[in-house]
Structures are given as structure tokens and as C-alpha cells.
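The chain contents come next:
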Amino acid sequence: MLSGLSKGNSWYRHFQYEEGRDRPSDVRNVLLVVATVIAAVTFQAGVNPPSGVWDDNKDGPDGHAAGQAIYASQPGAYYVFLIANTLAFSSSILVIVSLTYRFPFQFEVIVAIISMSVTYGSAIFAVTPDESVRFRYVLATAFVPFVLRILIHLLNKEFGKE
């Protein structure tokens, strides 16, 4: 029984996508689950950032305000976190929207996704001190996956691959 586990790094090949073996609907379902988990985790990380938020106000040069992210006291690291988290969130949203295209209740799914995205944006704006992050970059990051997907679609259409 254990001999099947000791084949080195070939074990993962069994789980890789194989076009003749894996049905498209099964692949879509797996991708929807993975994208939904990523969206949920990144949403939660944006709403409740690492280290939490300050529960008191402190004046002075090292001051902070209640409700602001503790992690924001390290502006560079917090900025990288926000950019990476927003990129992961918006990429997972793109996958969900793409995989549910023309599904029943698609309008409701889109409304829910837009509402969740606005909630995510307002939450990160609420917990982030004004001086620690350039929000235009975070907002631009949210659109990167959508812009890239459109550019890929247009290039494929232009060069005859679709």
C-alpha cells in the first residue's frame, strides 16, 4: 500500500488536468470552488487585516486611530499586502464571473459580486490610514486582471486564435 506513495514526484501527475479524462463541467466546478475560496479568504483579509485594528486612539508622532490597521504602521509591507490581496481578490472575481457566464441567475450573481467588491473596497479604505497607501494604485490593481483578460481576448481575436 505504501509503495504507491513512494514514486518520488510523479504522484502529482495523477491529479493534473487531462483533456480526455476530465469533463469540462467537472473542471468548471473545481475552478468555481477554488475561486470562491480565494475570494472569501482575500475578502476576509481585507476586512480584517493581519494583526487586526487598533482599539484606541493615540496622539503623537507614533499615533494611531481606533479602527485603523495595526499592520499599516509598517507602510511598505502593508502596501504590498494590499496590492497582492486586491490582485488575488479581483482575479478570483474574474474567474467566478467568467465561469458563471450565461448561467441562470447570472444577473443576481453579478449584483452580489459588485456589492461584495464595493464592500471590500470600503473596508480597506476604512481601516487604512490616509497617509500610508496610495489608493489609486490599489484601485488600479483591482482592474488589472480584467484589463489583461480583455487584451488577451482582443489579441487572440486579432491573430485568429478564437
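The rules we used
- Residues numbered from 1 in each chain as written.
- Predicted model: local features only at pLDDT ≥ 70, side-chain atom pairs only at ≥ 80, totals over all residues.
- Heavy atoms only, no water.
- Core = buried A, V, L, I, M, F, W, Y, C linked by side-chain atoms within 4.5 Å.
- Buried < 20%, exposed > 50% of the residue type's maximum accessible area, 1.4 Å probe, protein only.
- Helix = DSSP H or I, 4+ residues; strand = E, 2+ residues; numbered from the N terminus.
- Axes fitted to C-alpha atoms, helices over the stretch in contact; angles between N-to-C directions.
- Left-handed = near helix turned anticlockwise from the far one by under 90°.
- Contact = heavy atoms within 4.5 Å.

**Student:** When you look at the nonpolar core in this model, what are you seeing that I'm missing?
**Tutor:** It is characteristic of soluble globular proteins that their nonpolar side chains tend to be buried jointly. Counting 17 residues, the largest nonpolar core has Tyr78 and Leu82 as the members making the most contacts within it. Sorting the residues of this core by element identifies helix H1 (24-47), helix H2 (75-99) and helix H3 (106-127) as the ones contributing at least two each. Considering every element that reaches this core, the biggest residue donor is H2, with six residues.

**Student:** Quick question: what am I supposed to make of the packing of H2 against helix H4 (residues 135-158) here?
**Tutor:** The relative placement of two packed helices is expressed as an angle between their axes plus a distance between the axes. The interhelical angle for the contact between H2 and H4, taken along N-to-C directions, is 35°, at an axis separation of 8 Å. When the axes of H2 and H4 are compared, the crossing they make is right-handed. Across the interface between the two elements, Tyr79, Leu82, Ile83, Thr86, Leu87, Ser90, Ser91, Ile93 and Leu94 of H2 pack against Tyr137, Val138, Thr141, Ala142, Val144, Pro145, Phe146 and Arg149 of H4.

**Student:** It is not clear to me how unusual backbone geometry should be interpreted in this structure. Could you clarify?
**Tutor:** Across the chain, the bulk of peptide bonds are trans and the bulk of non-glycine residues have phi less than zero. The phi torsion at Ser51 lies on the positive side, around 75°, for a residue other than glycine. Here Ser51 lies in the loop between H1 and H2. Located in the positive-phi region is Arg102, a residue other than glycine, with phi close to 65°. On the secondary structure map, Arg102 appears in the loop between H2 and H3.

**Student:** I keep staring at the side chain of Thr141 and nothing clicks. Help me out?
**Tutor:** Structurally, the position occupied by Thr141 is in helix H4. We classify Thr141 as buried; its relative accessible area is 10%. Not counting residues within four places of it along the chain, the set of residues in contact with Thr141 comprises Ile83, Thr86, Leu87 and Ser90.

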